[in-house]
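# Residue-level structural notes
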Amino acid sequence: MTVGHASRAIAFDGSGERPLAQFHAEVRGLAALLPDAAYAVNLCDDRYRFLVAFCAAALRGQATLLPPSRAPRVVEEVLAQHPGAYCLGDVPLAPQPPRYLRLPDPLPQCDGALPMLEDDALVAIGFTSGSTGQPRPNPKTWAAFRASTAQNLAALSDLLAPHGSTHVVATVPPQHMYGMEMSVLLPLLGPVALHGARPFFPGDVARVLADSATPALLVTTPVHLRALLESGVTLPPMAGIVSATAPLPAALARSAEARFGCEVRELFGSTETCIFARRRTAIDDAWTLLPGVQLSPQPDGTAVHAPHLPQPVSLADLVELLDDGRFLLRGRSADLLEIAGKRASLGDLTRKLLAVPGVVDGVVFQAEAADEAGIRRVVALVVAPGLDEAQVLRGLRGGIDPVFLPRPLRCVAALPRNETGKLPRDALAALLASPST
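Below, the structure is looked at part by part. (Residues numbered from 1 in each chain as written. Predicted model: local features only at pLDDT ≥ 70, side-chain atom pairs only at ≥ 80, totals over all residues. Heavy atoms only, no water.)

### Section: the overall build of the protein chain
What counts here: Secondary structure elements follow DSSP: runs of H or I of four or more residues count as helices, runs of E of two or more count as strands, with numbering from the N terminus. For the radius of gyration, the atoms used are the C-alpha atoms, and the globule rule reads 2.2 Å times the number of residues raised to 0.38. The buried label applies to any residue whose accessible area, calculated with a 1.4 Å probe on protein chains only, is under 20% of its type's maximum; exposed applies above 50%, and partly exposed to all values in between. Contacts are assigned to residue pairs that have any heavy atoms within 4.5 Å of one another. For every accessible area listed, the method is Shrake-Rupley and the probe measures 1.4 Å; residues are considered covered only by the protein chains on display. His is not counted, nor are the chain ends; Lys and Arg add positive charge and Asp and Glu add negative charge. Where a charge sits is defined by one atom per residue type, namely NZ (Lys), CZ (Arg), CG (Asp) or CD (Glu).
In terms of regular secondary structure, the protein chain is built from eleven helices and 25 strands. Relative to the compact-globule value of 22 Å for 437 residues, the protein chain shows a C-alpha radius of gyration of 22 Å, a close match. Looking at the protein chain residue by residue over its 437 residues, the buried ones come to 51%. Put simply, of all contacts in the protein chain between residues at least 6 apart along the chain, 60% involve residues at least 24 apart. Entry remark: accessible area of the protein chain is about 19,100 Å², with carbon and sulfur atoms responsible for 54%. Each charge class in the protein chain can be summarised by its mean position, and for the 38 positive and 42 negative side chains these summaries are 3 Å apart.

### As for the state of the cysteines
Under the convention used in this document: Sulfur atoms of two cysteines make up a disulfide when they are within 2.5 Å.
Counted according to the given criterion, the structure contains zero disulfides. Free of any disulfide, Cys44 has its nearest cysteine sulfur in Cys87, 11 Å distant. Residue classification places Cys44 among the buried positions, given a relative accessible area of 0%. Cys274 carries a free sulfur, and the closest cysteine sulfur to it, the one in Cys55, is 16 Å from it.

### Side note on the environment of His5
The condition is simple: Here a polar contact means two N or O atoms within 3.5 Å. Within protein one must be a hydrogen donor candidate and the other an acceptor candidate, and residues neighboring in sequence count only if both atoms are side-chain atoms.
Its location among the elements puts His5 in the segment before strand 1 (9-13). In the structure, His5 is positioned 15 residues away from Leu20 in sequence and 7.4 Å away in space, judged by C-alpha atoms. A distance of 2.9 Å separates a polar atom in the side chain of His5 from a polar atom in the side chain of Ser7.

### Concerning the side chain of Asn42
Its place among the elements puts Asn42 in strand 3 (residues 39-42). With relative accessibility at 1%, the residue Asn42 sits in the buried group. In terms of polar contacts, Asn42 uses its side chain to reach the backbone carbonyl oxygen of Phe50, at 3.1 Å. Setting aside chain neighbours within four positions, we find Asn42 in contact with Phe50, Ala53, Phe54, Thr64, Leu65, Leu88 and Gln175.

### As for helix 8 (residues 250-260)
Convention followed: Our arc is simply the arc of the directions from the helix axis toward the C-beta atoms.
Buried within helix 8 we find Leu252, Ala253, Ala256, Glu257 and Phe260. All buried residues of helix 8 fall inside an arc of 135° around its axis, so they share one side. Check the buried side of helix 8 and you find it contacts helix 7 (222-231), strand 12 (238-243) and strand 13 (264-270). Backbone geometry just downstream of helix 8 places Gly261 in the positive-phi region, at approximately 65°.

### Re the environment of Thr234
The topology assignment puts Thr234 in the loop between helix 7 and strand 12. The exposed category is assigned to Thr234, whose relative accessible area is 69%. A C-alpha to C-alpha distance of 8.9 Å links Thr234 and Arg259, two positions 25 residues apart in sequence.

### Remarks on the packing of helix 1 (residues 20-31) against helix 2 (residues 47-59)
Convention followed: Lines fitted to C-alpha atoms define the axes, with helix axes restricted to the stretch in contact, and inter-axis angles between N-to-C directions lie between 0 and 180 degrees. Roughly parallel refers to an angle under 35 degrees, roughly antiparallel to one over 145, roughly perpendicular to one between 65 and 115, and oblique to any angle outside these ranges. Note on convention: the crossing is left-handed when the near helix lies turned anticlockwise from the far helix by less than a right angle, right-handed when the turn is clockwise. For this classification, the nonpolar set comprises Ala, Val, Leu, Ile, Met, Phe, Trp, Tyr, Cys and Pro, the charged set comprises Asp, Glu, Lys and Arg, and every other residue, Gly included, is treated as polar.
One way to put it is that helix 1 packs onto helix 2 with a least axis distance of 8 Å and a crossing angle of 60°. Between helix 1 and helix 2, the interaxial angle falls into the category oblique. Of the two elements, helix 1 crosses helix 2, and the hand of that crossing is right-handed. Across the interface between the two elements, Gln22, Phe23, Glu26, Val27, Leu30 and Ala31 from helix 1 touch Tyr48, Leu51, Val52, Ala53, Cys55, Ala56 and Leu59 from helix 2. Here the contact of helix 1 with helix 2 is composed, by residue class, of eleven nonpolar, one polar and one charged.

### Concerning the packing of helix 7 against helix 8
How two helices pack is summed up by the angle between their axes together with the distance between the axes. Relative to each other, helix 7 and helix 8 sit at 50°, their axes nearing to 10 Å. Between helix 7 and helix 8, the crossing angle belongs to the class labelled oblique. Judged by the twist between their axes, the crossing of helix 7 over helix 8 is left-handed. Judged by residue contacts, Pro222, Leu225, Arg226, Leu228 and Leu229 of helix 7 engage Leu252, Ser255, Ala256, Arg259 and Phe260 from helix 8. Its residues assigned to classes, the contact of helix 7 with helix 8 comprises seven nonpolar, one polar and two charged.

### Brief notes about helix 9 (residues 346-354)
Listed in full, the buried residues belonging to helix 9 are Leu346, Leu349, Thr350 and Leu353. Down the axis of helix 9, the buried side of the element spans an arc of 100°, and every buried residue falls inside it.

### Thoughts on unusual backbone geometry
A cis amide bond links Ala94 with the next residue in sequence, Pro95, at an omega value of 0°. Positionally, Pro95 belongs in the loop between strand 5 (86-89) and strand 6 (100-102). For the bond from Asp105 to Pro106, the omega torsion is 0°, close enough to zero to count as cis. Unlike most non-glycine residues, Arg99 shows phi in positive territory, near 50°. You can see Arg99 is positioned in the loop between strand 5 and strand 6. Phi is positive for Cys274, close to 60°, though the residue is something other than glycine. Following the sequence through the fold, Cys274 ends up in strand 14 (residues 274-279). When its relative accessible area of 2% is taken as the criterion, Cys274 is described as buried.

The quantities given are spatial measurements derived from coordinates; they are silent on function.
See below:
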C-alpha cells in the first residue's frame, strides 16, 4: 500500500514528521473499527486523517466515494445511489449526514502485517464536478492509481528533493481528484510527506508552509494563487508551485514566479482521466504529455490513451497536436458558439472580460433557456468593484464582435466558486436569476 522504509516520513506539521510505521499502525487500528459496507464517503477535513481513513476503508475492501461537493444535499444523493454506504469524518457536522462515523481522537493503533491491496481492488469512485452537467461516477482501481501516480512523480521529479521526503502543502480538498492525486497518493507512493491542514487565507498558507523545515511544494489553484499575489503576503522558500482545476493565465504564472522565486507548473487532467499533461505556463503555451500518454483528436473533443486507463477516455477539450509531441489546447466543444454565422468560444470571451481594467473576476456563459428566436443568449457575471455594467460593457466592445456581447452582464460581489475554484452551472444560473446583485 505504501513505498519506503518504515521510518520514512509520510506526514508533517509544526511538531515534526510522522513515520510510515505509525501510519500503518493507525490504518490497521481504524480498519478494525469500520462497519461492514461496500462504500464509504470520506468527509475528513484533516488531510492526514483522510489518508488514514481512505487506506483503512480500502483495507476492508471498501471503495471511497468522492462526491463533487461536501454539501449535505450532494452527499445524500451519493449515499442514495450506493445503498449501504456510510460516512466517515473527523469533526462534528451539522446537519449530521446519515450513517456518520466520527474518527476517534487519538487514532487507534494496532500491530500486524504490512497493509496490502490487490491491484484490481476498487478503492475510489470520483465524480465529475457538475460544472458541465450531471455528475458521473468514475471508478478507480489500486493499479490505476499506482500507474497514474508513477506518471505524476515523473512529471514532478525535478521539483522534488533528491534525498529524503519533499513536504507538500495543499489548498485543495483531498476529496477532489486533483487533491487526491497530489496530496494523498503522492505521499503513499513516493518520497513525499503531506501536511494535514488545508489553508485557505493567504496568512494561513504562509503559516502552514513555515511548518516545513525544508522548502515545500505548494499544491493550489489559480484562484488561490491570485489571492496570494494580491494579498502581498510573504511566503517561505518553496520547492515549486503546482496549479490545476482551471486555466492558469500566463501573466499570473509569471507574476507568481517573480514574487515567490520558484517555478509554477500547471497540470492538466480531469476526474475521468487523472492528470496526463504538464507545462510551465510562464514560458510555454504547449503542454507536454506524461509518460505513456497519447491523444487522438476527434471532431467533438479528444480521446486520451494512458497506461492507467483501462480504455480510452473522451474529453470535450479540443487539441492541436504539434510535431514535437506536445499539444495546444483550442477550447472545448461545448464552449464553441455560432451566432449569425460568426464563431467564438466562451473561454476566449471570458479571457477578454478578465482583461478589462478593473475586472477582478468574471465568467461568460450561455443562458440555460433559448430566447424567442431559439438562441441561447451569451450572458456574464463579473466582479468589478467601482465599475457598473455599462462601464464593463464599454471595455468589452473594443475586443469582441457585438453579437457576442453578454446580454445581460451583471456585476456581483463574488462568483459562486466551489472549493477548487470551479463554477458549477446551477450556481451560475441561480446567481444570474437572483433579483439582487
